[in-house]
Amino acid sequence: MSRTVVIHQPDFLPYLGFFHRFLQADLFVALDHVQFVQHSRNAWSHRDKIKTASGERWMSVSVKKCPMNTPIKDVRLSANSQWQQANLNLLRENYRGAPFFRPIFDRLEQVHRTPFEYMAQFNLALIDVVCEWIGIKIPRVMSSTLMCSGRKSEMIAGIVADVGGDRYLSGTGARQYHEQEPFDRRGIEVIWQDFKHPVYPQQFDGFIPYLSVIDALFNCGPEATGAMLRSA
């Protein structure tokens, strides 16, 4: 029986396309053993964007200072809880007029108030809440529990094989560094995600795509967000 695997870092409240892949996969491997990248335009483990009256704006997770080679699983949240309150204030300020503000905000507040020690734990708790809202049920394995070796495509192909997968569902952003040979050597089919970002009602003027999934949840609600993903 075929088994499709999706592998991704446990990002902070990621965009719709992150969850779109879950709908087409049998297993999610949370890539938590790789290096935490903080100061890069491609860093998403600790931040994502929301929409405000003045355009898109970053919302982030505050973490303790750590060495450059620290794996994601070992990144600790800042002890000072001011960042949680700042996030909640930002959400309240910009989404209080949204149709589904109260139920979404209350649950996000609950997770923000939970005393997690590690960033990955916090992010995965939020990912689980979003999956619950939009009706996604997918088992998860942490890459740190596997025998991971190599880099980039060699590592990814090895993980897929290690968890018994024969198909790897990849986001299109990986095309620039993808190498097919490690997958061919293991008999693994590579499938590229075909995600067409939906346009939905947002607050404020215009439409901004690729925001955190919570933008769609606040504006459209869990049921409609799930339906959008299933038809994207």
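None of the values given here were measured: they were computed from a predicted structure. (Residues numbered from 1 in each chain as written. Predicted model: local features only at pLDDT ≥ 70, side-chain atom pairs only at ≥ 80, totals over all residues. Heavy atoms only, no water.)

Caption draft 1: Geometry of the overall build of the protein chain. Assigned secondary structure in the protein chain consists of 7 helices and 7 strands. Order of helices (α) and strands (β) in the protein chain, N terminus to C terminus: β-α-β-β-β-α-α-α-β-α-β-α-β-α. In terms of C-alpha radius of gyration, the protein chain reaches 18 Å, essentially the compact-globule figure of 17 Å for 232 residues. Counting only C-alpha atoms and orienting by the principal axes, one finds that the protein chain spans roughly 55 × 40 × 30 Å. The 232 residues of the protein chain split such that 50% are buried. Contacts in the protein chain between residues far apart in sequence, at least 24 positions, make up 67% of those at least 6 positions apart. (Helix = DSSP H or I, 4+ residues; strand = E, 2+ residues; numbered from the N terminus. Rg over C-alpha atoms; globule rule 2.2 N^0.38 Å. Buried < 20%, exposed > 50% of the residue type's maximum accessible area, 1.4 Å probe, protein only. Contact = heavy atoms within 4.5 Å.)

Caption draft 2: Region of the structure containing the sheet that holds strand E7 (residues 189-192). The parallel open sheet is built from 5 strands, whose spatial order is E5-E2-E1-E6-E7. A single partner strand is all that each edge strand has here, and the edge strands are strand E5 (140-142) and E7. Going from strand to strand, the sheet's axes swing by 30° on average, the running direction of each strand aside. Where helix H5 (residues 152-162) meets the sheet, it contacts strand E1 (4-8), strand E2 (27-30) and strand E6 (167-170), and its direction lies at approximately 135° from that of E1. (Pairing = 2+ DSSP bridges. Axes fitted to C-alpha atoms, helices over the stretch in contact; angles between N-to-C directions.)

Caption draft 3: Region of the structure containing helix H2 (residues 82-95). With 14 residues, H2 ought to run about 20 Å at 1.5 Å a step, and its terminal C-alpha atoms sit 20 Å apart, in line with that. Among the residues of H2, those classed as buried are Trp83, Gln84, Asn87, Leu88, Leu90, Leu91, Asn94 and Tyr95. All buried residues of H2 project into a common sector of 155° when viewed along the axis, lining one side. H2 presents Gln82 and Glu93 as exposed residues on the side facing more than 90 degrees away from its buried surface. (Expected span 1.5 Å × (residues − 1). Arc of directions from axis to C-beta.)

Caption draft 4: Fine view of the pairing of strand E4 (residues 55-60). One ladder, built from 6 bridges, connects strand E3 (residues 47-52) with E4; its direction is antiparallel. The residue bridging Thr52 from the neighbouring strand is Gly55, located in E4. Hairpin geometry of E3 and E4 is characterised by an intervening segment of 2 residues between the two adjacent antiparallel strands.

Caption draft 5: Examining the nonpolar core more closely. If you look at the biggest cluster of nonpolar residues, it comprises 70 residues, and the most contacted ones within it are Ile7, Phe19, Phe22, Leu91, Leu108, Ile214 and Phe218. Mapped onto this core, the elements with two or more residues apiece are E1, helix H1 (16-22), E2, H2, helix H3 (101-113), helix H4 (119-134), H5 and helix H7 (213-231). For this core, the leading source of residues is H4, giving 12 residues. Contacts of Phe19, omitting those with residues within four sequence positions, involve Pro14, Ile127, Val130, Cys131, Ile134, Ile136, Val213 and Leu229. (Core = buried A, V, L, I, M, F, W, Y, C linked by side-chain atoms within 4.5 Å.)

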